[in-house]
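# Structural characterization, general
This is what each chain is made of:
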Amino acid sequence: MPLLKTITVIAFFATLQFTAFSQKNNYLIPEVMIGSIVPNYMNGPQFGPRIGAAITYYKSSNEDTPTNQYYKFPLIGIQAGFHRLGNPFVYGNELNVMPVLGLNLKKGMFQWGIGTSYFTKTHQQNELNKSIGSHFNWAFQWMYYRNFKLTDHNNIRLGFGYHHSSNGHTQLPNYGLNSAVLSVALTPSTFNIAKSNSKEIPKSREVFIVARSGIGFHELGSTTSPVGGDKKLVFSSSFGVGITFKQHFRWYAGFGTRHYQHYADSIANSPILQELEIHPNNHFFMMGIEYLIYHVGISIEGGINLSKPFYYHFAEEYENTESIKYTLKKIFPSRMGIKLYLLNTAKKPKHNLYISAHINANFGQADFSEASLGYVYNFQ
């Protein structure tokens, strides 16, 4: 897209401020972003500034509920964005949609988002693009915003942060695309007015157990190759015990197992691996935290692999078994994603079900993308 057309699109989004609605506790905020790709591999293609625009629908609540008290009256919303990535010939453009959570700080607001992005160009369209191997990808953002008074009716909101997109090792190559961005927007003077906590959050510790079963998929290979390999399934399950603090923050720990179909097929097709009597499974200890917001849970997990014997043979063929990165990836699994609960967690149901989407990694390198069905039992 020519630069003039890009500027025209951004200007159009900016003018939406004058027609956007700003009803009680509901806001529609357009913003303009500029930034730069942060290279994550050597000898990558050249690029210019990243330019984009986004529009976010926010909803807040003044109700004196435990959820609002714990999160200091958060903003919950959904954002849609369009971005020119600095080198359209290689990267094309990015469109993304993601739920966002705005957490009020003493000064400003921290915003976290997770969703999906669509890239108009991938490695298949231009081999110089080693960052993005698929059109559809995971999208993440971390932003910090501050409002400054502009007029009696409007503020100017400035922000900076980090955007990331990758496909979770489901289609190679998959270095992922990282960007640092700056943001500017006009907001109504009533937007995100700081609210004070009117009462103490009741201290509580409630024990729960959680069990889940998941199915994921990925390609077998390193970050960049082989391109065009088969996508095969990863079956997983886990069980844990934890504590819910103040009704909204969970800590838990437990054990899990995974079965990699790629590993199983590799062993079945190799007499040498069969003689070693290794298995295609991964047994691990995991520990996690989760933030509960009504029907939504945001979870981050880490752990230690107790057994993953095939990983050495995988790394021997596709990576480097002599590096410290290999050791870290062999030992430490990680997992991050979002859960959608059937019942409102703020009402403390004894039984609850959830579906979830997570990206799983070996230390910091994506391993596979996964969907799960889970069950939580709360001891009350």
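Each residue is numbered by its place in its chain's sequence as written, counting from 1. It should be noted that, the model being predicted, local features are given only for residues of pLDDT at least 70 and side-chain atom pairs only at 80 or more, the latter also being counted only at that level, while totals for whole chains, interfaces and linings use all residues. As a rule here, side-chain values come from all non-hydrogen atoms in the structure, and water together with hydrogens is ignored.

## Regarding the environment of Ala 264
Condition: Runs of H or I in DSSP of at least four residues are treated as helices and runs of E of at least two as strands, each being numbered from the N terminus. We call two residues contacting when some pair of their heavy atoms lies within 4.5 Å.
Secondary-structure assignment places Ala 264 in helix α4 (residues 261-268). For Ala 264 and His 279, which are 15 residues apart along the polypeptide, the C-alpha to C-alpha distance reads 7.3 Å. Setting aside anything within four residues of it in sequence, one finds Ala 264 in contact with His 259 and Pro 280.

## What about α4?
What counts, and what does not: Under the scheme applied here, a residue whose accessible area is under 20% of the maximum for its type counts as buried, over 50% as exposed, and between as partly exposed, the area being computed with a 1.4 Å probe on protein chains only.
Buried residues of α4: His 262, Tyr 263, Ala 264 and Ile 267, and no others. On the buried face of α4, the contacting elements are β9 (205-219), β10 (231-245), β11 (249-260), α5 (271-276) and α6 (310-318).

## Focus: the pattern of salt bridges
When the charged atoms of two side chains with opposite charge come close together, those side chains can pair. The criterion, for reference: For this document, the term salt bridge refers to a Lys or Arg side-chain nitrogen within 4 Å of an Asp or Glu carboxyl oxygen.
Taken as a whole and judged by the stated rule, the model has 13 salt bridges. Across the pair Glu 94 and Arg 50 runs a salt bridge whose closest N-O atoms are separated by 3.5 Å. One end of the pair, Glu 94, is in strand β4 (residues 93-104); the other, Arg 50, is in strand β2 (residues 50-59), with 44 residues separating them in the sequence. Neither Glu 94 nor Arg 50 differs from the other in exposure class; each is buried. Across the salt bridge formed by Asp 367 and Lys 308, the nearest N and O atoms sit 3.8 Å from each other. Placement of the pair is Asp 367 in strand β16 (residues 365-378) and Lys 308 in the loop between β13 (296-307) and α6, with a sequence separation of 59 residues. The same class applies to Asp 367 and to Lys 308, which are both buried. Shared partners join several salt bridges into a network, and the residues in it are Arg 212, Glu 301, Arg 335 and Glu 370.

## Considering a nonpolar patch on the surface
Heads up, the condition is: Surface patches are drawn from residues lacking salt bridges whose relative accessible area is over 30%; two like charges belong together within 9 Å, two nonpolar side chains (Val, Leu, Ile, Met, Phe, Trp, Tyr) within 5 Å. Per-residue accessibility takes into account occlusion by the displayed protein chains alone, with areas from the Shrake-Rupley method and a 1.4 Å probe.
Side chains of Phe 255, Ile 304, Leu 306, Ile 331, Phe 332 and Phe 363 sit close together on the surface and give an oily, nonpolar patch of about 550 Å² of accessible area. Note on placement: Phe 332 falls in the loop between α7 (324-331) and β14 (333-341).

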